[in-house]
Amino acid sequence: MGDVAMTVPVIRAFAQQYPKVKITMVSRPFFQPFFEGIPNLTFFAFDEKVKHKGFLGLVRLFRELHSLKIDAFVDLHNVLRSQVVRTLFKLSGKQVVAVDKGRAGKKALTRPEKKVFKPLTTMFERHRQVFEELGFTLDLSNPIFPEKAVLSDEILKIIGNPNQKLIGIAPFAQYESKVYPFDLMEEVISKLAANPEQTILLFGGGKKEKELLDALAKPFGNVINIAGKIKFTQELQLISNLDVMLSMDSGNAHIAAMLGVKVITLWGATHPYAGFSPFNQPLENALVADRNLYPKLPTSVYGNKKVEGYEDAMRTIAVDSILKALKLL
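Residues numbered from 1 in each chain as written. Predicted model: local features only at pLDDT ≥ 70, side-chain atom pairs only at ≥ 80, totals over all residues. Heavy atoms only, no water.

For the protein chain, the count of helices and strands is 12 helices and 10 strands. Its C-alpha atoms give the protein chain a radius of gyration of 21 Å, within 12% of the compact-globule value 20 Å for 329 residues. Within the protein chain, the proportion of its 329 residues that are buried is 50%. In the protein chain, the 43 positive side-chain charges and the 33 negative ones have mean positions that sit 6 Å from each other. (Helix = DSSP H or I, 4+ residues; strand = E, 2+ residues; numbered from the N terminus. Rg over C-alpha atoms; globule rule 2.2 N^0.38 Å. Buried < 20%, exposed > 50% of the residue type's maximum accessible area, 1.4 Å probe, protein only. Lys, Arg positive; Asp, Glu negative; His and termini not counted. Charge placed at Lys NZ, Arg CZ, Asp CG, Glu CD.)

One way to put it is that helix α2 (residues 8–17) packs onto helix α6 (residues 123–133) with a least axis distance of 9 Å and a crossing angle of 35°. Considering the relative orientation of α2 and α6, their crossing is right-handed. Contacts between α2 and α6 pair P9, V10 and F14 from the former with F124, H127, R128 and F131 from the latter. Looking at the contact of α2 with α6 residue by residue, the classes come out as 5 nonpolar, 1 polar and 1 charged. (Axes fitted to C-alpha atoms, helices over the stretch in contact; angles between N-to-C directions. Left-handed = near helix turned anticlockwise from the far one by under 90°. Contact = heavy atoms within 4.5 Å. Nonpolar A, V, L, I, M, F, W, Y, C, P; charged D, E, K, R; others polar.)

A few words on the sheet that holds strand β10 (residues 286–288). Ordered in space as β7-β6-β5-β8-β9-β10, the 6 strands form an open sheet in which the pairing is parallel. Only two strands of the sheet have a single neighbouring strand rather than two, namely β7 (223–225) and β10. Each adjacent strand pair in this sheet contributes to an overall mean axis angle of 20°, direction not counted. Two strands pair when backbone bridges link them, and strand β9 (residues 263–267) and β10 are joined in this way by 3 bridges, in the parallel orientation. Residue W267 lies in a different strand from β10, and its bridge partner there is V288. Helix α11 (residues 251–258) contacts β5 (165–170), β8 (244–248) and β9 of the sheet and is inclined by roughly 155° relative to β8. (Pairing = 2+ DSSP bridges.)

Considering the arrangement of structural elements, one finds H127 in helix α6. Not counting residues up to four positions away in its chain, the partners in contact with H127 are M6, T7, V10, L76 and V99.

Quick look at the confidence of the model for the protein chain now. For the protein chain, per-residue confidence averages 95 on the pLDDT scale, and residues scoring 70 or more make up 99% of the total. Here helix α9 (residues 207–217) is the element of the protein chain with the lowest mean pLDDT, 92, and β9 is the one with the highest, 98. (pLDDT = per-residue confidence, 0-100.)

Moving on to the environment of S250. Tracing the sequence through the fold places S250 in the loop between β8 and α11. Taking the relative accessible area as the measure of exposure, S250 reaches 11% and is therefore buried. Taking the C-alpha atoms as reference points, S250 and Y302, 52 residues apart in sequence, are found 9.4 Å from one another. At 3.0 Å, the side chain of S250 and the side chain of S247 are in polar contact. (Polar contact = N/O pair within 3.5 Å; in protein donor to acceptor, adjacent residues only side chain to side chain.)

Moving on, we come to the packing of aromatic side chains. Inspection of every chain in the model, using the stated rule, returns 17 aromatic pairs. For the pair F73 and F89, a centre-to-centre distance of 5.1 Å together with 15° between the ring planes defines the contact as stacked. With F73 in strand β3 (residues 72–75) and F89 in helix α4 (residues 80–91), this pair connects stretches of sequence that are 16 residues apart. Grouping residues by exposure puts F73 and F89 together as buried. Sitting over the face of the ring of F117, R291 holds its NZ or CZ atom 3.7 Å from the ring centroid. (Phe/Tyr/Trp six-rings, centres within 6.5 Å; stacked < 30°, edge-to-face > 60°. Lys NZ or Arg CZ within 6 Å of the ring centre and 35° of its normal.)

Put into structure tokens, the structure is as follows:
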């Protein structure tokens, strides 16, 4: 989800700066709401389970796209499936370009010994460079974000007074090494909830996460678990109305950022230096675990590597530092 959300600010900038160029965005149907409202963009649904499954399915995908008279193919994912499709476009004589994911630099940043600890090129800059290869210079310095969505009666019924300060919290991530300890998150929420002029909205998905979010929200009248209560498109509308989002290094951070919302991110096994910090957010909005106590950090790019003795690294991110970053202390 985060990978797709990170393409949105760049594609939106391209559409705004080159209004005469038609864009066909190929992705899973679930992500179509990300691209709604972008001018001159047509969404093409990629059916990975049936129609476009396997090699023959990718050939079918190529033929369907080729029939749209595509002039160039931009690969912003650079995985096996997209590589197959772009190769077919290249063989057909079309111009193709692909994002450089900078794997060597990320390996040097995350290795335990002889670590090269320095900021790498952001994914947004890498995406910008891809379009530059096609001859399109992009300026990402003054982004234009979509207007805040008008909230439906259904959403308003759930969140109550929309004039409250709306604070979103997405306390989960794909890997445990990127999740802030539950007891400390309870403390953060408790202190935020002490202010009756604030409404705290909890985001997540899945049965287990929903149960945990219910437990976090239960003691407070102004803490609401959103999980499972509204559709994904409505969730995007609600996020666009937040004053701030507190998130792990996860997809929710990138969704909020692509909508122009202030995002405070918490980083455990991973680090913003790998290039995955949310779009248009200053580095001080990223709170990282203490590298003096845990010098091997970051231990991986995605948080999928467990390192013995590093289980409590995120406990070094103080609750008060989170509240200060939220400008609420």
